[in-house]
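# Descriptive analysis of the structure
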Amino acid sequence: MVNIMETIMDAMKSLTVQDQNEDQPLHVGEVMACWIYLAGLELAKVTVQAGINTTMDDELKAILEEDMRLGTSQRERLHDFMIKEGISLPPAPEDMPKSDPNSIPLGVKLTDDVIANELSLKIVSLIMRAAGAASESIRTDVGLMFIQFQAEKFAFATRLKHLMRKRGWIKVPPFYVSHGSQQ
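In short, a report on the structure.

Here is what the cut-offs are and how they apply
Residues numbered from 1 in each chain as written. Predicted model: local features only at pLDDT ≥ 70, side-chain atom pairs only at ≥ 80, totals over all residues. Heavy atoms only, no water. Helix = DSSP H or I, 4+ residues; strand = E, 2+ residues; numbered from the N terminus. Buried < 20%, exposed > 50% of the residue type's maximum accessible area, 1.4 Å probe, protein only. Polar contact = N/O pair within 3.5 Å; in protein donor to acceptor, adjacent residues only side chain to side chain. Contact = heavy atoms within 4.5 Å. 1 Å grid on protein atoms, 1.4 Å probe; cavity = no way out; pocket = protein on both sides within 12 Å on 5 of 7 lines; lining within 4 Å. Points joined across faces, edges and corners; volume = space filled by probe spheres on them. Nonpolar A, V, L, I, M, F, W, Y, C, P; charged D, E, K, R; others polar. Core = buried A, V, L, I, M, F, W, Y, C linked by side-chain atoms within 4.5 Å. Salt bridge = Lys/Arg side-chain N within 4 Å of Asp/Glu carboxyl O.

## Side note on the side chain of N117
Mapped onto the elements, N117 comes out in helix α4 (residues 112–136). Of the residues examined, N117 reaches a relative accessible area of 15% and is grouped as buried. In this structure the side chain of N117 is engaged in a polar contact, spanning 2.8 Å, whose partner is the backbone oxygen of W169. Excluding residues within four positions of it along the chain, N117 makes contact with M164, W169 and K171.

## Some points on the layout of surface pockets
The space that makes up the largest pocket amounts to roughly 220 Å³. Lining the largest pocket are S120, I123, V124, I127, F154, A157, T158, L160, K161, M164 and I170. Within the residue set of the lining of the largest pocket, elements represented by two or more residues are α4 and α5 (140–167). At six residues, α5 tops the list of elements feeding residues into the lining of the largest pocket. Its residues placed into classes, the lining of the largest pocket shows eight nonpolar, two polar and one charged.

## Structural notes on the nonpolar core
Residues C34, Y37, L78, F81, M145, F146 and F149 are the most contacted members of the largest nonpolar core, which totals 18 residues. Looking at this core, the elements with two or more residues in it are α2 (28–54), α3 (58–85), α4 and α5. When residues in this core are grouped by element, the largest group, five residues, is from α2. The next biggest cluster of nonpolar side chains, apart from the first, holds 17 residues, and it includes L64, L70, A116 and F156.

## As for the pattern of salt bridges
The final tally for this structure, using the stated rule, is 13 salt bridges. Between E66 and R159 there is a salt bridge, with the nearest N and O atoms lying 2.4 Å from each other. Residue E66 is located in helix α3, and its partner R159 is located in helix α5; the two are separated by 93 residues in the primary sequence. Here K84 makes a salt bridge to E85, at a shortest N to O gap of 3.7 Å. Assessed through its relative accessible area of 56%, K84 is described here as exposed. Members of the salt-bridge network, linked through shared partners, are E42, K45, R75 and D95.

## Re the environment of M56
Along the chain, M56 turns up in the loop between α2 and α3. Through-space distance from the C-alpha of M56 to that of P101 is 6.7 Å; in sequence the pair is 45 residues apart. Filtering out sequence-adjacent residues up to four positions away, M56 remains in contact with P101, N102, K109 and D112.

Just geometry here; none of it tells us what the structure is for.
Right, dumping it as structure tokens:
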């Protein structure tokens, strides 16, 4: 039987040992993971900017601004890493200009519910992408970078989920009741 504590300790040791594998080149999977994650951050940025321009809800605006700061931090770290490693950068859309939420026509203006759920989907996508990248990385520095990105996004997601539950915006799939069970 697997000893969970030994497994955790072995994993921690492997992450803290100075392998000095940073002098090894990145493999194609690590390069692709960096490129796709940065592209996702760039697309999320303009969506968040549009949400900030659209919402008049102070709590939602604050959480969007928090996501903007986190996204900026991750984009800068990943951008610098990719430049250092010689990886070409994905194209980035232009920033959205600031606008007045009252000037957006009703047929175009997204509701706060839609903004929050779209942000939630983008966060989940980036968390999953970071988990995959961390698990596929050979170089310790790359794996640790993606573990950190995942942890940061996960911590943010818990605050977003709290707001979404509070406002009734969270989408819950139907509950599963197996055939023959008592309801």
